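Spelled out, the chains give:
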Amino acid sequence: MSWVAHDLEPYVLQRKLGVGVAISFVALVLGSWGPDMLTKWLVYGTNVVGLHFQASDPVRFHRGWPGAGFTHSLTFGVVVAAIVYATTKSRPWALGLMIGIWLHALSDTGDTVGSMLFFPWTHHVTLGAWAYTVQSGRLSDAAAYYSGLGFVWDSIWVVLAIASYPILRRTYFRERIQPSDRFWPWTGRWLPEDALLALYRGAIFFGICRFVTWMLWAHVLHHYPFDPTWGGPHWAHAVHS
Amino acid sequence: MTMHEATGVLVEKRRRVRWATLRDPLLYGGAASTYVAIGLFVTWFRLTWVVAFVWLLLWVWLLPAAVRRVAR
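Computed from a predicted model, the values in this text were never measured in an experiment.

The rules behind the values
- Residues numbered from 1 in each chain as written.
- Chains lettered and ligands numbered in written order.
- Predicted model: local features only at pLDDT ≥ 70, side-chain atom pairs only at ≥ 80, totals over all residues.
- Heavy atoms only, no water.
- Core = buried A, V, L, I, M, F, W, Y, C linked by side-chain atoms within 4.5 Å.
- Buried < 20%, exposed > 50% of the residue type's maximum accessible area, 1.4 Å probe, protein only.
- Helix = DSSP H or I, 4+ residues; strand = E, 2+ residues; numbered from the N terminus.
- Contact = heavy atoms within 4.5 Å.
- pLDDT = per-residue confidence, 0-100.
- Salt bridge = Lys/Arg side-chain N within 4 Å of Asp/Glu carboxyl O.
- Polar contact = N/O pair within 3.5 Å; in protein donor to acceptor, adjacent residues only side chain to side chain.
- Nonpolar A, V, L, I, M, F, W, Y, C, P; charged D, E, K, R; others polar.

The subject of this paragraph is the nonpolar core. Among soluble globular proteins, nonpolar side chains are generally buried collectively. Membership of the largest hydrophobic core comes to 85 residues, with the highest contact counts inside it found for A:W3, A:Y146, A:Y200, A:F205 and B:Y35. For this core, the leading source of residues is helix 10 (residues 193-221) of chain A, giving 15 residues. Among residues more than four places away in sequence, those in contact with A:F205 are B:Y28, B:A31, B:A32, B:Y35, B:A52, B:W55 and B:L56.

Shown next as structure tokens:
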């Protein structure tokens, strides 16, 4: 599982693909968040009006089958894109969602469980670089992720996203982002440009801020030991596919 | 226009240019530093993107708009 990478990948990709290919940036971000938005609330558990909802087997629900693991596959990206294109005829949105979901599924092959990239083939593709520990709960999971190679992976994305700063400029937003997506003129009916710009920059704000916050929380406030070895941190109980 | 008035216009113009350059770094920096400071101690604050987006909108849109209204 990757954390901040999912917030920042769209900016890096926009920098690379933004020339010549019309992709909805909003769809790219939603695609990149989508697989976890659909599953994480049940993986870690959620309280709704005093009732607690949680998957009985969080690991299988998140990445396996039977479960919602198919959301972390390249196939899911294609299916979502096909449905969106068939219903809206919007190529930028279909492409954005598909590429976003692909990025998410590919990033998540870095942990010890990996993802079923070619679902319905249920084989998990995994690099096993950092420990998958969602079953231990959100805070323990964060501590493990930001102590193993996960923090290196996120650091790379933070650097790449900061290096993509030209696409964060107001002029770039006006000239490249707004014209390629009907979302912005529609939202612009209620919000001024400063607010639209904040929405556009929101995911990178969230990503970099939470990277800093989790790192400080894990290593300054709580002193979890760093273990950036392959498959680590080995002090955490990792699940393997 | 007198010399005194021309100088005043120039100073005002320079102030506007300086504010336009510093505006985004100051507002986004303020939003980021306060978000991290609160998020360190309040778990729910750092968990969801919704809170981060609302916090950012508050800092870079609503706060300047409120200041402008008060200053008018």
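Residues and elements named next belong to chain B. Scored by pLDDT, chain B has a mean of 90; 100% of the residues are at 70 or more. Mean pLDDT values over the elements of chain B span from 89, in helix 1 (residues 3-41), up to 95, in helix 3 (residues 49-71). For this predicted complex, the interface score ipTM comes out at 0.93, while the overall pTM is 0.93.

Counting residues at the interface gives 22 residues for chain B, matched by 25 residues for chain A. Our count for the contact surface shared by chain B and chain A stands at three salt bridges. We note a salt bridge from A:R201 to B:D24, for which the minimum N-O separation is 3.1 Å. In this assembly, chain B and chain A are joined by three residue pairs in polar contact (both at pLDDT 80 or more). By residue number, the principal contributor to the side of chain B that touches chain A is helix 1 of chain B, which donates 10 residues. In terms of residue class, the side of chain B that touches chain A is built from 16 nonpolar, three polar and three charged.

It is worth spelling out the pattern of salt bridges at this point. Two side chains carrying opposite charge are able to pair once their charged atoms lie near each other. All names here are of chain A. Counted by the stated rule, this structure contains 12 salt bridges over all chains. With a closest N to O distance of 3.1 Å, D108 and R63 form a salt bridge. You can see D108 sitting in the loop between helix 5 (91-107) and helix 6 (138-145) and its partner R63 sitting in helix 3 (residues 58-63), a full 45 residues away along the chain. Accessibility expressed as a relative area gives 0% for D108, which makes it buried.

Averaged over every residue, the pLDDT of chain A is 95; the share at 70 or more is 99%. For chain A, per-element mean pLDDT is lowest for strand 1 (residues 46-48) of chain A, which scores 87, and highest for helix 4 (residues 74-88) of chain A, which scores 98.

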